[in-house]
Amino acid sequence: MAGLELLSDQGYRVDGRRAGELRKIQARMGVFAQADGSAYIEQGNTKALAVVYGPHEIRGSRARALPDRALVNCQYSSATFSTGERKRRPHGDRKSCEMGLQLRQTFEAAILTQLHPRSQIDIYVQVLQADGGTYAACVNAATLAVLDAGIPMRDFVCACSAGFVDGTALADLSHVEEAAGGPQLALALLPAAGQIALLEMDARLHEDHLERVLEAAAQAARDVHTLLDRVVRQHVREASILLGD
Amino acid sequence: MAMEMRLPVARKRFSESLGRETKKHLVVPGDTITTDTGFMRGHGTYMGEEKLIASVAGSVERVNKLICVKALKTRYNGEVGDIVVGRITERRRSAEDELAMRGFLQEGDLISAEVQAVFSDGAVSLHTRSLKYGKLGQGVLVQVSPSLVKRQKTHFHDLPCGASVILGNNGFIWIYPTPEHKEEDAGGFIANLEPVSLADREVISRLRNCIVSLVTQRMLLYDTSILYCYEASLPHQIKDILKPEIMEEIVMETRQRLLEQEG
């Protein structure tokens, strides 16, 4: 019996997408009135919520304050009901800490922290449903939330995952494709300048294939940017109409 | 006790029913505003490779040679001369401070003050060197986004409907009963603890709900808009003002009156 075929002969994936096709993305900004910035994103069946507070005074020890820039603090948490099997520890486990660290590195590269010395920016991301590409969904949601809070950023940060199956690079992996065990790569991009904020892979991939996979991820991230850009413009336009001239 | 429940229903975006378009130049981060290097860059922009690039999502404002991008929602940035309303959370614990201030202002007190100076890292220093400012007594506090408070000549208003309001630039709005004697303003350091009459309390509650509904529909707050909204809400009961349909109706009426008044 053949195993699950991730890429059919005609070039279709398990959920009927083509190799470079993204899942349906829907996003909304300003979902919580009480937070400084918030956003919700759905990438296929992956759902993530991001909330941003800041910039504000450093909480806890004043000694942690950086004299010339803001401290970015990211926390990742996935709901106990987000995966197929109920998770026992929503936060504090190794994967959450690592994700939090990666998110922090990503956003320290994008947020203009020099404009807010000696203050702190908190980004909290929660995954409500995990169907592959959770890092990407978190980054995209956090970008929208940071924009909603009015915190100055160099550019959007758009992320997407990519994999490699049967000599073809696949973009935006779902859980089924990730679980199959092939190499997978997560890329966070600043689209206007084409700069990479974070690139992460912990599998083995022959270097000949790396460029193709990287290009597939970059193209997918640019597609995500087109969508997020539209969402933000729509949101700004509406608020501008309501506020009047 | 009467309870009201409603099921979730998809609501049309309010801005569509307005049927207007915005004339402003809207940008998102990463957008190039201009490649002309003659402009000075203000807030919300940064210089990258000979181009002026936006760093926040908002509308571009140009004053002569200065270009800045005004974000939709920002945290309060202090400017000299702003009126702020706030609560004392922490104070210096030195001996002289104890002797001088302890009698007047304690932790947890609400005060109104004016911004004296702004430090380079964004911190502000406040002063209450006028009888207008000082401790606030009985009243209602509403917290809104600072970007919705319109900048005016004065932020202390005595509304004809029977209450007074302080529109803090930091988004904290204080509604209180109009003091009867003109010499005793909202400030000083002695709080007025006389009981407030029911009629005054109703006016204050209605004003508070009106402000909340204006903010939900993202309208700028100033004395005229609050007053028109109050008058538009009079046919409804105070607690009904917060219902979404009634909120839309009242704010729509307020908008129309304001447009008529301008044009």
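Here is what the cut-offs are and how they apply
Residues numbered from 1 in each chain as written. Chains lettered and ligands numbered in written order. Predicted model: local features only at pLDDT ≥ 70, side-chain atom pairs only at ≥ 80, totals over all residues. Heavy atoms only, no water. Pairing = 2+ DSSP bridges. Helix = DSSP H or I, 4+ residues; strand = E, 2+ residues; numbered from the N terminus. Axes fitted to C-alpha atoms, helices over the stretch in contact; angles between N-to-C directions. Contact = heavy atoms within 4.5 Å. 1 Å grid on protein atoms, 1.4 Å probe; cavity = no way out; pocket = protein on both sides within 12 Å on 5 of 7 lines; lining within 4 Å. Points joined across faces, edges and corners; volume = space filled by probe spheres on them. Nonpolar A, V, L, I, M, F, W, Y, C, P; charged D, E, K, R; others polar. Buried area = accessible area lost by both parts, 1.4 Å probe. Salt bridge = Lys/Arg side-chain N within 4 Å of Asp/Glu carboxyl O. Polar contact = N/O pair within 3.5 Å; in protein donor to acceptor, adjacent residues only side chain to side chain. UniProt positions renumbered as here; feature names shortened; annotations may be inferred. Patch = residues over 30% accessible without salt bridge, like charges linked within 9 Å, V, L, I, M, F, W, Y side chains within 5 Å. Areas by Shrake-Rupley, 256 points an atom, 1.4 Å probe, with all protein chains shown as cover. Buried < 20%, exposed > 50% of the residue type's maximum accessible area, 1.4 Å probe, protein only. Core = buried A, V, L, I, M, F, W, Y, C linked by side-chain atoms within 4.5 Å.

**Student:** I keep staring at the sheet that holds strand S1 (residues 25–29) of chain A and nothing clicks. Help me out?
**Tutor:** Pairing between sheet strands relies on hydrogen bonds along the backbone, with the strands arranged either parallel or antiparallel. All names here are of chain A. The sheet built from five strands is open, its strands ordered S1-S2-S3-S5-S4 with mixed pairing. On the outer flanks of this sheet lie S1 and strand S4 (71–78), each paired with one strand and no other. Strand-to-strand twist in this sheet, taken as the mean axis angle between neighbours without regard to direction, amounts to 15°. Across the sheet, helix H1 (residues 94–110) lies against S4 and strand S5 (119–129), angled at about 140° from S4, the strand it touches most. Sitting on the sheet, helix H4 (residues 207–243) touches S1 and strand S2 (37–43), and the angle it makes with S1 is about 35°.

**Student:** Looking at this structure, how should I read empty space enclosed by the protein?
**Tutor:** Remark: the empty space left among the atoms is shown by a probe the size of a water molecule rolled over them. Residue and element names in this part refer to chain A. According to the stated counting rule, one finds two cavities of 30 Å³ or more in the structure shown. Along the walls of the largest cavity sit Leu6, Gly163, Phe164, Val165, Leu170, Leu173, Glu177, Glu178, Gly181, Gly182, Pro183 and Gln184, which together make up its complete lining. Breaking the lining of the largest cavity down by element, the ones donating at least two residues are strand S6 (158–165) and helix H3 (175–179). The element that contributes the greatest number of residues to the lining of the largest cavity is S6, accounting for three residues. Residues of the lining of the largest cavity, tallied by class, amount to six nonpolar, four polar and two charged.

**Student:** Explain the interface of chain B and chain A here, please?
**Tutor:** Often, the extent of an interface is quoted as the loss of accessible area on bringing the components together. Taken together, the 34 residues of chain B in the interface contact 35 residues of chain A. The largest per-residue losses of area from chain B upon contact with chain A belong to Leu72, Lys73 and Arg75 of chain B, which jointly make up 21% of the total buried on that side. Where chain B touches chain A, the interface holds three salt bridges. At the surface where chain B touches chain A, the tally comes to eight residue pairs in polar contact (both at pLDDT 80 or more). Mapped by element, the contributors of at least two residues to the side of chain B that touches chain A are helix H1 (14–18) and strand S1 (26–27) of chain B. Per element, the largest residue contribution to the side of chain B that touches chain A is three residues, and it comes from H1 of chain B. Grouping the amino acids of the side of chain B that touches chain A by side-chain chemistry returns 15 nonpolar, seven polar and twelve charged.

**Student:** Would you take a moment to explain the UniProt feature "domain: Exoribonuclease phosphorolytic" (unreviewed entry) in chain A for this structure?
**Tutor:** Residue and element names in this part refer to chain A. Here, UniProt's "domain: Exoribonuclease phosphorolytic" (unreviewed entry) annotation points to residues 21–152 and 155–219. Helix and strand shares over residues 21–152 are 24% and 33% respectively, and the end C-alpha atoms of the span are 31 Å apart. Across residues 155–219, helical content stands at 28% and strand content at 40%; the span's end C-alpha atoms are separated by 17 Å.

**Student:** Would you take a moment to explain the sheet that holds strand S6 (residues 58–63) of chain B for this structure?
**Tutor:** Residue and element names in this part refer to chain B. The four strands lie next to each other as S1-S6-S7-S3, forming an open sheet whose pairing is mixed. Where the open sheet ends on each side, the last strands, each with one partner, are S1 and strand S3 (40–41). Here two bridges tie S1 to S6, and the two strands are oriented antiparallel to one another. Its bridge partner lying in S6, Val27 is registered against Gly58.

**Student:** Would you mind going over a nonpolar patch on the surface with me for this structure?
**Tutor:** All names here are of chain B. Taken together, the side chains of Val80, Val118, Val124 and Leu126 define a hydrophobic patch exposed on the protein surface, amounting to about 300 Å² of accessible area. Residue position: Val118 is located in strand S9 (residues 110–118). We classify Val118 as partly exposed; its relative accessible area is 37%.

**Student:** I would appreciate a short explanation of the nonpolar core in the present structure.
**Tutor:** Burial of nonpolar side chains together is a common tendency in soluble globular proteins. Judged by nonpolar contacts, the single largest core of 68 residues is most densely connected at Leu103, Phe107, Ile111, Ile123, Tyr135 and Val232 of chain A. Sequence-distant contacts of Ile123 of chain A, defined by excluding residues within four places in its chain, comprise Val51, Val52, Val72, Asn73, Cys74, Gln75, Phe107, Ile111, Ala142 and Val146 of chain A. Membership of the second largest hydrophobic core comes to 30 residues, among which are Ala163, Met219, Leu227 and Tyr228 of chain B.

**Student:** Just to check I follow, could you spell out unusual backbone geometry for this structure?
**Tutor:** Peptide bonds are trans in most cases, and residues, glycine excluded, mostly fall at negative phi. Residues and elements named next belong to chain A. Residue Pro55 follows Gly54 across a cis peptide bond; omega there is -5°. Relative to the helices and strands, Pro55 is located in strand S3 (residues 46–57). One non-glycine residue with positive phi stands out, namely Arg118, at about 60°. Mapped onto the fold, Arg118 is located in the loop between H1 and S5.

**Student:** What is the right way to look at the UniProt feature "domain: Exosome complex component N-terminal" (unreviewed entry) in chain B in this model?
**Tutor:** According to UniProt, the positions carrying the feature "domain: Exosome complex component N-terminal" (unreviewed entry) are residues 26–63 of chain B. Secondary structure content for residues 26–63 of chain B is 0% helix and 55% strand, while the C-alpha to C-alpha distance between its ends is 16 Å.

**Student:** Even after reading the chapter, I still don't get the pairing of strand S8 (residues 83–87) of chain B, so can you show me in this structure?
**Tutor:** Consecutive residues of a regular strand have side chains that alternate between opposite faces of the sheet. Residues and elements named next belong to chain B. Among the five residues in S8, four count as buried, and that is most of the element. Note that S8 and S9 share five bridges and pair antiparallel. Considered in S9, the bridge of Val85 is made with Ser112.

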